[in-house]
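One letter stands for each residue in the lines below.
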Amino acid sequence: MTTTPLYQIGTFAAGNRLLDPDQRSVQSGQDRTNAITSGHRACRGCGEALAARVVLDAASRAAGGRMVTVNATGCLEVFSTPYPESAWQVPWLHSLFGNAAAVASGVSAALRATGRDDIRVVAQAGDGGTVDIGLGCVSGMFERNDDVLFVCYDNQGYMNTGVQRSGATPPAASTATTRPVGTSVGNAFGTGKSLPLIAMAHEIPYVATATVADLHDLEAKVTKAMSMHGARYLHVLVPCPLGWGSASSETIRIARLATRCGLFPVFEAEHGSVTHVTPIRQPVPVTDYLEPQSRFAHLFSGAGRPDVVAALQDRADRNIARYGLLTEETP
Amino acid sequence: MLRQVEGSRAVADAVARCRPAVVAAYPISPQTHIVEGLSDLVTTGDLAPCEYLMVESEFGALSACIGASAAGARTYTATSSQGLLFMAEALPNASGLGLPIVMTVANRALGAPINIWNDHSDALSQRDAGWLQLFASSNQEAVDLHLQAFALAERLSVPVMVCMDGFVLTHAMEEIDVPEQDAVDAFLPAFAPRQWLDPDDPVTIGAMVGPGQFTEVKYLMARRQQAALADIAEVAAEFESTFGRESGGLVRPYRIDDAEVVLVAMGSALGTAADVVDALREEGIAAGVLGITCYRPWPHEAVREALRGIPRAIVVNRAIAVGSGSILGQDVRLTASPGTEVHDVVMGLGGRPVTRAGLRQLVLDVLHGRLPRGALHYVDLDETVAADEIAREAEVTVP
Ligand SMILES: Cc1ncc(C[n+]2csc(CCOP(=O)(O)OP(=O)(O)O)c2C)c(N)n1
Ligand code: SF4
Ligand SMILES: [Mg+2]
């Protein structure tokens, strides 16, 4: 990969006007769609709102403005469309919580059958709408290789309904249904459910992970995904200040810490094989990531739970080894 | 042209001649032959341009139809029984969004116990989902109703279910006329969606509506459904003048004018009921049949008018509302004038045949006052089996 030259050392700021034009971000361009405008009801510092704008503006530019979007139920849908208002500047359809992928497949099929397949389809859902209730439809869309870019905004919980646990909630996190009460340490240590890996098992043309800490990378991945056809999957980590108990000014930093500690690997895969991994430049222990979030506060209060923190560190280390996050080469 | 053909195949051909651009379906007996027929037609290119989506579930099927319809394509699906329930969440979504999807329901019982045979439990369980529900009395009518369903759906921007009895119709070989392509094209103009997801004119479809407007949205929806009664009758009349045969409409009365007793039913039992009525009339008994073709919206006026002055109506229910009673019977009771005594009976659940002998006996029992009034009566119940089981249950002691 060509690493983005840094304008301000230590940042990956989007909108850098000193870059070559072809390396400038979509957000810095005057022609950006502003797919989701200001005035919506998201919380301050909402990672999902930020990611959605960046993703859709980049997708819209790549599609030359010929794009429709399908949205699952969740925070994004609720905060953007309180009737009679709508924050969407692009054609947008919401049907249900668990069916965004199938609805998008239908849109794509309709556009093909009616000779309008210059119009591209982007589906978006939260982690709940993707890894849990929507998984059947997502898997069907992948397996048929329908011409859809599916974007999961992963805030690791059912935020819209009040921060309950989802299949993407990390172990030990406190949520409204996994309180660290009694002997509980919060969410149980399950086997985990990596949707990027599940997507790769379908051998679809493109799978990528990204975070709101590196918006330039996010835009680049959307642009790349939009240059391809067939089923494509993008999994974006989007901190949720409300659900994670983090300061609204910390969203970007926390997303960056999630990647730097190894808990959220950033990579790309094509047809089932990893093609690029974003190496960790300045590794940090998981505690750096966990401590600023009150959903993990019970691990640090009183005597703390070093055993649980160690188990989380172990998960991060496994990711680092599995994806080769600390080596510069890509596997 | 009349052809000797299976009901499902005729429906598949009729649907194909309506030129859907997207078909998304998931197989379930007894709907399978319809979707197999359509997938063949798409594969061979006889139905083109059309995308056949082989989805992973009925929920996916209807969801794909929702997307396709919102993108401006004529859209079709078919299902039965558990499949219809698997779609349940998306059913009111399709109607709430005003998407003109057409679906065949090959009517089948609902489990448990699992049972693949015909009754009306599936469609009736979704009677309030905001879809029009049209019931075919024969395979010919099933074919004709599909043409009318697309016309109605697109004229009104509502989804339509065409219900046809599973196996009894879907798997029956009969002489059926599937109208030729030019005739269908003349009857059913190309789909012109009211709104679609157009990048040149972006719309937000499916916004969140709060207490401030929700009642109004639902009121308008209900009003539009009621108004659809006029269109359903109109489209049936247009159909008759184009194709020269009576099909569809709201209700189908048969020899009811001077009747002292009228059987009220839906679906394929209507043919049997008409035969029974003919025989009874020969014996000097003034019997008649009132077929309900349009179940939703409920044709209140038409049913009331048809039953006016009729002393006795017997509603043949092919589905029950456990814990309440009948379903069709409730609608008829609420509709009939006080002068009509309504007898509510259950018959033909889970594929038990509704026979001529059974219907004849039923009419005679009612006329001779042998049927208890008020309570829902299970006509074809095997009393011995039921009594044995009730006795056995009474003996079981809970530890
Ligand atoms: C069938 C169904 N079950 C449950 C819900 C309630 N519900 C709405 S949004 C939501 C959680 C959304 O979580 P996620 O997809 O992660 O999106 P987020 O709000 O976190 O962005 C739930 C449980 C629903 N709308 N539909
Ligand atoms: S709860 Fe979280 S995801 Fe939802 S709007 Fe607030 S910050 Fe965004
Ligand atoms: Mg979530």
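In this text the structure is predicted, and so the values were computed from the model without any measurement. (Residues numbered from 1 in each chain as written. Chains lettered and ligands numbered in written order. Predicted model: local features only at pLDDT ≥ 70, side-chain atom pairs only at ≥ 80, totals over all residues. Heavy atoms only, no water.)

**Here's the deal with the overall build of chain A**
Secondary structure summary: chain A contains 11 helices and 8 strands in total. Taking 331 residues into account, the globule formula puts the C-alpha radius of gyration at 20 Å, and chain A, at 19 Å, falls close to it. Dimensions of chain A, computed from the C-alpha atoms along their principal axes, are close to 65 × 40 × 40 Å. In chain A, buried positions account for 56% of the 331 residues. For chain A, the exposed area adds up to about 12,800 Å²; of that, 52% sits on carbon and sulfur atoms. Charge-centre separation for chain A: the mean point of 27 positive side chains lies 4 Å from the mean point of 29 negative side chains. (Helix = DSSP H or I, 4+ residues; strand = E, 2+ residues; numbered from the N terminus. Rg over C-alpha atoms; globule rule 2.2 N^0.38 Å. Buried < 20%, exposed > 50% of the residue type's maximum accessible area, 1.4 Å probe, protein only. Areas by Shrake-Rupley, 256 points an atom, 1.4 Å probe, with all protein chains shown as cover. Lys, Arg positive; Asp, Glu negative; His and termini not counted. Charge placed at Lys NZ, Arg CZ, Asp CG, Glu CD.)

**Quick look at the packing of helix α10 (residues 269–282) of chain B against helix α13 (residues 356–367) of chain B**
Residues and elements named next belong to chain B. Their axes nearest at 9 Å, the elements α10 and α13 cross at an angle of 55°. Taken together, the axis directions place α10 and α13 in an arrangement best described as oblique. As α10 runs across α13, the sense of the crossing is right-handed. For the pair formed by α10 and α13, the contact residues are A269, T272, A273, D275, V276 and L280 on the first element and R356, L359, R360, V363 and L364 on the second. (Axes fitted to C-alpha atoms, helices over the stretch in contact; angles between N-to-C directions. Parallel < 35°, antiparallel > 145°, perpendicular 65-115°, else oblique. Left-handed = near helix turned anticlockwise from the far one by under 90°. Contact = heavy atoms within 4.5 Å.)

**Here's the deal with the site of ligand 1**
The full set close to ligand 1 counts 17 residues, and E48(A), C75(A), G128(A), G129(A) and G157(A) are the nearest of them. More than one chain approaches ligand 1, the contributing ones being chains A and B. C75(A) places a main-chain nitrogen or oxygen 2.8 Å from an oxygen atom of ligand 1. N155(A) has a polar side-chain atom sitting 3.0 Å from an oxygen atom of ligand 1. (Near = heavy atom within 4 Å. Polar contact = N/O pair within 3.5 Å; in protein donor to acceptor, adjacent residues only side chain to side chain.)

**Thoughts on the coordination of the magnesium ion (ligand 3)**
Residues and elements named next belong to chain A. On the protein side, the magnesium ion (ligand 3) has D127 (OD), N155 (OD1) and G157 (O) as donor atoms, found 2.0 to 2.1 Å from it. In primary-sequence terms, the residues that donate to the magnesium ion (ligand 3) follow D-x27-N-x1-G. Residue class for N155 comes out buried when judged on its relative accessible area of 6%. Residue classification places G157 among the buried residues on the basis of a relative accessible area of 4%. (Donors = N, O, S within 2.8 Å, 3.2 Å for Na, K, Ca; no water.)

**Looking at the packing of aromatic side chains**
Using the criterion set out here, one finds 11 aromatic pairs over all chains in the structure. An angle of 15° between the planes, with centres 5.5 Å apart, marks the rings of W88(A) and W92(A) as stacked. An identical accessibility class is assigned to W88(A) and W92(A); each is buried. Linked through ring pairs, F142(A), F150(A) and Y233(A) together constitute an aromatic cluster. In this structure, R296(B) is placed above the aromatic ring of Y295(B), and the distance from its NZ or CZ to the ring centre is 4.3 Å. (Phe/Tyr/Trp six-rings, centres within 6.5 Å; stacked < 30°, edge-to-face > 60°. Lys NZ or Arg CZ within 6 Å of the ring centre and 35° of its normal.)

**Things to note about the site of ligand 2**
Residue and element names in this part refer to chain A. Taken together, A42, C43, C46, C75, F79, N155, C240, P241 and L242 form the complete shell of residues around ligand 2. Looking at the shell around ligand 2, the elements that each hand over two or more residues are α2 (75–80) and α8 (241–244). Tallied by class, residues from the shell around ligand 2 come to 8 nonpolar, 1 polar and no charged. (Nonpolar A, V, L, I, M, F, W, Y, C, P; charged D, E, K, R; others polar.)

**Focus on the nonpolar core**
Among the nonpolar cores identified, the biggest contains 149 residues, and L38(B) and Y76(B) are the most heavily contacted of them. Counting only domains with at least three residues in this core, you end up with domain 1 (2–194 + 205–243) and domain 2 (251–384) of chain B. Core analysis: the second largest hydrophobic core is formed by 40 residues, A35(A), M67(A), A213(A) and A225(A) among them. (Core = buried A, V, L, I, M, F, W, Y, C linked by side-chain atoms within 4.5 Å. Domains from an automatic or database assignment.)

**Re the side chain of S63(B)**
Note on placement: S63(B) falls in helix α3 (residues 58–70). The exposure class assigned to S63(B) is buried, which follows from its relative accessible area of 0%. Here the side chain of S63(B) touches N99(A) through a polar contact of 2.9 Å, side chain to side chain. With sequence-adjacent residues up to four places away left out, S63(B) is seen in contact with N99(A), A102(A), V103(A) and A90(B).

**Description of the packing of helix α1 (residues 47–62) of chain A against helix α7 (residues 215–226) of chain A**
Residues and elements named next belong to chain A. Interaxial distance between α1 and α7 falls to 9 Å at its minimum, and their mutual angle equals 40°. Between α1 and α7, the crossing angle belongs to the class labelled oblique. Considering the relative orientation of α1 and α7, their crossing is right-handed. Only L215, L218, E219, V222, T223 and M226 of α7 make contact with α1, whose side of the interface consists of L50, A51, V54, V55, A58, A59 and A62. Split into classes, the residues belonging to the contact of α1 with α7 amount to 11 nonpolar, 1 polar and 1 charged.

**Considering unusual backbone geometry**
At the junction of Y83(A) and P84(A), the peptide bond is cis and its omega measures out at 10° in the coordinates. With respect to the secondary-structure elements, P84(A) resides in the loop between α2 and β2 (92–94). Cis geometry is found at the peptide bond from S29(B) to P30(B), where omega equals 0°. One non-glycine residue, S157(B), lies in positive phi territory at about 55°. Inspection of the secondary structure puts S157(B) in the loop between α7 (139–156) and β7 (160–165).

**Things to note about the sheet that holds strand β5 (residues 102–107) of chain B**
Residues and elements named next belong to chain B. The mixed open sheet is built from 7 strands, whose spatial order is β3-β2-β4-β5-β7-β6-β13. Here the strands that pair on one side only, and so sit at the sheet edges, are β3 (51–54) and β13 (294–296). If you compare each strand with its neighbour and ignore which way they point, the axes differ by 20° on average. In the sheet, strand β4 (residues 75–79) pairs with β5 via 4 bridges, with the strands oriented parallel. (Pairing = 2+ DSSP bridges.)

**Let's talk about the interface of chain A and chain B**
At the junction of the two partners, chain A supplies 41 residues and chain B supplies 37 residues. Roughly 2,900 Å² of surface becomes buried between chain A and chain B when both sides are summed, with 64% attributable to carbon and sulfur atoms. Connecting chain A to chain B are 3 salt bridges. Across the pair R66(A) and D200(B) runs a salt bridge, and its minimum N-O distance is 3.2 Å. For the pair chain A and chain B, the interface holds 13 residue pairs in polar contact (both at pLDDT 80 or more). (Buried area = accessible area lost by both parts, 1.4 Å probe. Salt bridge = Lys/Arg side-chain N within 4 Å of Asp/Glu carboxyl O.)

**Here's the deal with the pattern of salt bridges**
Applying the stated criterion across every chain, the model contains 38 salt bridges over all chains. Where R253(A) meets E250(A), a salt bridge forms, and the shortest distance between an N and an O atom there is 2.8 Å. Judged by its relative accessible area of 19%, E250(A) falls in the buried class. Among the charged side chains, a salt-bridge network with shared partners connects R155(B), D231(B), E234(B) and E238(B).

**Quick look at the environment of F264(A)**
When you line up the elements, F264(A) lands in the loop between α9 (251–260) and β7 (267–270). Taking the C-alpha atoms as reference, F264(A) lies 13 Å from L326(A); in sequence the two are 62 residues apart.

Geometry only, nothing functional implied.
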